[in-house]
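Coordinate analysis (summary)
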Amino acid sequence: MYKGPLEVNTLEIQLLDDVTINKIAAGEVIERPASALKELLENSSDSGASRIEVSFEEGGKSLIKVVDNGYGIKPDELKLAITRHATSKIKSIDDLFKLQTLGFRGEALASLGAVSRLTLSSCLKGANKGAQIFVDGGKLNHEVPAAANEGTQVEVKDLFYNVPARRKFLKSTSGETFAIKKVFKNFAIAHPQIHLVLKQDQKVILNYPPQDFFTRCCQVLEVKKQDAYYVNVSQEQMQLEAMLVHPNLNLPTQQGIYIFVQSRPVQDKLIQQAIYEGYRNLVMEHQYPQAVINLKLDPALVDVNTHPAKLQVKFQSPSLIFKFIQQNIKAGFEKELKQQVNPVKLFEENKTQKHIEQTNFPTEAITQYNQKSFNSQQSFLSLNELENIRTQTEPISETQIKTWSSLQVIGQFANTYIVAQSQKGLVLIDQHAAHERVLFERLKSKSKIETQANLIEELIELSPDKIESLLHEGVQKELENLGFNYHQRGPETLLLDSKPSFLSDVGMQPLFERLAGEVLEASSHAVVEDLINNIWASMSCHGAIRAGKVLSNQEMQSLLVQMEESSFSSFCPHGRPVSVLLSKYDLEKLFKRIV
């Protein structure tokens, strides 16, 4: 039962003891077992380790052990390593703004020692012996010689055993295990050159040998290389290295998005929004792409010390960063996906499955059965006719399956889907979605948008803050490029002089209300582009061939040819897939030829 605030017995100012200070510092840096592991992994990386092995038990609550083969720590410096504000990574305040290592905070080991039973063992490379110290609740127990295993071993037992309030709020073992695996995977992506092993209850659950960046990303995200694309671009003082998963493999959550700045994992809404914009019109609403983004900048352009756990950063030029990431993601897909047939696959092929041998029934028995069962009036194809169809629909050569026009139209199903074939199997194409993309890309490719001057005054009434947002130089210039010309008439009024001709029937008041609201509220740096993309997508949807419309073979083939003119033709502007592949493997699986 709540008894009200505690009585204050004294108002005297006092210096806190070191144990209390370290516990407070631990609260800033060590929130849970996963954050403890993050600090230890970063220290191991900065020590030059090429192999790191992590063991944990009970979600890290009872044990976290990190063993590396790095440079090690001198025996006479072990005590300093567990002292607050002791570090080998910076020497002056200026070093904070040009950090090349992952960490500098002296509190990491000191904080861990304050809230656990810590054992620190280390041996320098080439040394005959090492040293080991024990820390219990912030108190140094003793120091002893240790075996000459080159590198460092940190063992953290009973985390928060002496801070019961903090331990009580830890999640379940499964919840803490999930967080540990997330930290481990983040680190694995950021350091593909390091061999990393993760053990849970002495059993190896993740093992990542040294790899290149792209291979490591595919391994961690469990994605096949053929379903992902590698991007590596540089511009002035910025470099973007990324692994982009095919938009067909999106997820219902954001778990497949990994963001790094200076090879350290961060939680950054700006970069996250740039990723969404890069995937715009390729992923459906309420679905999320899978991608790994590693942004490297001149250290002077980014502050990595805005968050106690270094999970957030601050950019000197946010707009520049946003456009750099968004445009290069889009350009990567433009290069890889343009004019390609990328249908959604019905099943993933499993090479371990067995084919059932075809049973050879006697031809005579089948012929007799057919003669008894069907009369001559029924409409069935003869064997010669079937052979003619087989010849006409012979799969096209491997060199001709990369473009839409190379698909061979067979017909139309339900007056909605074009049925075609390629070397890989049957391809079903949503005629409405396909035509949507064609119209959408034509609208986007217009070098100049036709405008229509208003013959009658059209006033937009908005609050002063919204008026101000739309008069911002960057926003107004972008709107002018899209055909909107306006100026301020009063404190709460804009006079619209002209607008895009294709919006002649669209009400401007709600459109400008929405636009101004998004400029004020959203962190997006592409608000105007978002809005106009939605308008184009809506126009394309209304103008496209409708489901249920009968198309001739010539019209269907013509649509396929037009799709080759369109970027990202495998997706409609709303992110829905345009086509589905029914491969030979799929058919054999459906007919139980494969088990």
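A short tour of the structure in this document, coming up. Worth saying up front: this structure is predicted, and the values here are computed from it rather than measured. (Residues numbered from 1 in each chain as written. Predicted model: local features only at pLDDT ≥ 70, side-chain atom pairs only at ≥ 80, totals over all residues. Heavy atoms only, no water.)

1. Observations concerning the nonpolar core
What counts is decided by this rule: Only buried residues count toward a nonpolar core. Its members are Ala, Val, Leu, Ile, Met, Phe, Trp, Tyr and Cys residues joined through side-chain atoms within 4.5 Å. Relative accessible area decides the class of each residue, using a 1.4 Å probe on protein chains only: under 20% of the type maximum gives buried, over 50% gives exposed, and in between gives partly exposed. Note on conventions: DSSP H or I runs of at least 4 residues are helices, E runs of at least 2 residues are strands, and numbering of each starts at the N terminus. The contact criterion used is simple: two residues touch if any of their non-hydrogen atoms lie within 4.5 Å.
In this structure, Ile-52, Ile-189, Leu-221, Met-243 and Val-292 are the most contacted members of the largest nonpolar core, which totals 56 residues. The element that contributes the greatest number of residues to this core is helix α6 (residues 173–190), accounting for 8 residues. Apart from the residues lying within four places of it in its own chain, the contact partners of Val-292 are Ile-189, Phe-213, Cys-217, Leu-221, Glu-241, Ala-242, Met-243, Tyr-258 and Phe-260. Leu-282, Val-283, Val-302 and Phe-315 belong to the second-largest nonpolar core, a separate cluster that totals 34 residues.

2. A closer look at the environment of Leu-587
Along the chain, the position of Leu-587 falls in helix α18 (residues 584–590). With 161 residues separating them in the primary sequence, Leu-587 and Leu-426 have C-alpha atoms 9.5 Å apart.

3. Looking at the pattern of salt bridges
Put simply, the test is: A pair is scored as a salt bridge if a Lys or Arg side-chain nitrogen falls within 4 Å of a carboxyl oxygen belonging to Asp or Glu.
In the structure shown here, the tally under the stated rule is 15 salt bridges. Of the charged contacts, one joins Glu-513 and Lys-466 as a salt bridge, the two residues approaching to 3.0 Å between their closest N and O atoms. Taken as a pair, Glu-513 in helix α15 (residues 508–521) and Lys-466 in helix α13 (residues 464–470) lie far apart in primary sequence, 47 residues in all. Among the residues examined, Glu-513 registers a relative accessible area of 29% and is labelled partly exposed. You can call Lys-466 partly exposed: its relative accessible area is 21%. One network of salt bridges, with partners in common, ties together Arg-51, Glu-53 and Lys-199.

4. Considering a nonpolar patch on the surface
Inclusion rule: Surface patches are defined over residues having more than 30% relative accessible area and no salt bridge, joining like charges when they lie within 9 Å and nonpolar side chains (Val, Leu, Ile, Met, Phe, Trp, Tyr) when within 5 Å. Note on areas: Shrake-Rupley, 1.4 Å probe, and residue coverage restricted to the protein chains presented here.
Together, Phe-413, Tyr-417, Leu-428 and Val-580 give the surface a local cluster of nonpolar side chains, amounting to about 340 Å² of exposed area. You can see Tyr-417 is positioned in strand β18 (residues 417–422). For Tyr-417, a relative accessible area of 35% puts it in the partly exposed group.

5. Side note on the sheet that holds strand β3 (residues 117–123)
To keep things clear, this is the line we draw: Should DSSP find at least two bridges between two strands, the strands are regarded as paired. Where helices are involved, their axes are fitted lines through C-alpha atoms of the stretch in contact, as for all axes, and angles between N-to-C directions lie from 0 to 180°.
Strand order across the open sheet formed by 8 strands is β5-β4-β3-β6-β2-β1-β7-β8, with mixed pairing between neighbours. Sheet topology places β5 (139–146) and β8 (203–208) at the edges, where each strand pairs with a single neighbour. Adjacent strand axes in the sheet meet at a mean angle of 10°, parallel and antiparallel pairs treated alike. In this structure, β3 lies alongside strand β6 (residues 151–157), joined through 7 bridges in antiparallel fashion. Directly across from Thr-119, in β6, lies its bridge partner Glu-155. Against the sheet, helix α2 (residues 33–46) makes contact with β1 (51–57), β2 (63–68) and β6, and its axis sits at roughly 10° relative to β2, the strand it touches most.

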